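A structural walkthrough
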Amino acid sequence: MKRTVVVAGALLLGISAVMADQKLAVEQDNLMRSQGKSMYVIMGKMVKGETPYDQKAVDDALTQLESDVKKIATTFANNPKEDVVDAKFGSSQKIWQNKTDFDSKIPPVQKAIADVKGKVNSLDDLKVAFKSINDRCTDCHETYRVKLK
């Protein structure tokens, strides 16, 4: 009887750890998706001419992006050791092998956003701002994001 209780308890602990890892992986994925929405769905489509320029949408996207980027270091503080089920992209294990370098990629993104926030007043301004921010995002993605599918 004691052995059954111990085995059941160990299984529950294992299941809890897996669920916690998946929850953390989803939290990290959701943060990146939110940033992707601001960058590529809202501003990127305007830059490509797929949607008309919308000042309020740009301002809101930059505000959301600024807020999201502040959360990267804490959201990626721990390694979930697994990827989100059916995700197209995931986090490279290099993040936690070189956390200092990963964290060093955040301030340049914050600076790029701060440099353009409140100064984008036209599609031409947005194109310059988009490239500046996207280049800083790409600096991190090249090393710390992996394509899963």
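You'll find the structure just up there.
Description of the structure in this document. Counting from 1, residues in each chain are numbered in the order their sequence is written. The predicted nature of this model means local features are confined to residues of pLDDT at least 70 and side-chain atom pairs, given and counted, to a pLDDT of 80 or more, with totals for whole chains, interfaces and linings taken over all residues. In computing side-chain properties, one takes all heavy atoms of the structure into account and sets aside hydrogens as well as water.

Right, let's talk about the nonpolar core for a bit. As used in this record, nonpolar core signifies buried Ala, Val, Leu, Ile, Met, Phe, Trp, Tyr and Cys residues forming a set joined through side-chain atoms within 4.5 Å. Each residue is placed in one exposure class: buried if its accessible area under a 1.4 Å probe, protein chains only, is under 20% of its type's maximum, exposed if it is over 50%, and partly exposed if it falls in between. Membership of the largest hydrophobic core comes to 28 residues, with the highest contact counts inside it found for Met43 and Ile133. Helix and strand labels come from DSSP, where a helix needs a run of H or I of at least four residues and a strand needs a run of E of at least two; each type is numbered from the N terminus. Only helix 1 (2-48), helix 2 (55-70), helix 4 (94-97), helix 6 (106-116) and helix 7 (123-144) provide two or more residues apiece to this core. When residues of this core are assigned to their parent elements, the largest contribution, 7 residues, is made by helix 7. Note on contacts: a residue pair is in contact if any heavy atoms of the two residues lie within 4.5 Å. Here Ile133 is in contact with Met39, Leu62, Leu65, Ala112, Ile113 and Val116, once residues within four sequence places are set aside.

The next point concerns helix 2. For helix 2, built from 16 residues, the straight-helix expectation of 22 Å at 1.5 Å per residue is met to within 8% by its first-to-last C-alpha distance of 23 Å. Regarding helix 2, the residues found buried are Ala57, Val58, Ala61, Leu62, Leu65, Asp68 and Val69. Angular distribution of buried residues about the axis of helix 2 spans 130°; they occupy a single face of the element. Exposed residues on helix 2 whose side chains face more than 90 degrees from its buried face are Lys56 and Lys70. One less than the number of residues in a helix, times 1.5 Å, gives the span that helix is expected to have. Of all possible arcs, the one meant is that of the directions from the helix axis to the C-beta atoms.

The next point concerns helix 6. Since the α-helix advances by 3.6 residues per turn, residues separated by three or four positions end up pointing in the same direction. Buried within helix 6 we find Ile106, Val109, Ala112, Ile113 and Val116. One side of helix 6 carries all its buried residues, which in axial view fall inside an arc of 130°. As for helix 6, its buried residues are in contact with helix 2, helix 3 (72-75), helix 5 (99-104) and helix 7. Immediately downstream of helix 6, the backbone of Gly118 shows phi near 85°, a positive value.

This next bit is on the packing of aromatic side chains. In summary, the pairing rule links any two rings of Phe, Tyr or Trp, Trp by its six-membered ring, whose centres are within 6.5 Å, and it sorts them by plane angle into stacked for under 30 degrees, edge-to-face for over 60 and tilted for everything else. Inspection of every chain in the model, using the stated rule, returns 4 aromatic pairs. Judged by centre distance (5.3 Å) and plane angle (85°), the rings of Phe102 and Tyr144 are edge-to-face. Placement of Phe102 in helix 5 and of Tyr144 in helix 7 is noted, with a sequence separation of 42 residues between them. The class of Phe102 is buried, set by a relative accessible area of 5%. Judged by its relative accessible area of 4%, Tyr144 is buried. Put simply, the rings of Phe76, Trp96, Phe102 and Tyr144 pair up and form one aromatic cluster. Seen from the ring of Phe89, Arg145 lies directly overhead, with NZ or CZ sitting 4.0 Å from the centre. The criterion for a charge sitting over a ring is simple: Lys NZ or Arg CZ within 6 Å of the ring centre, and within 35 degrees of the ring normal.

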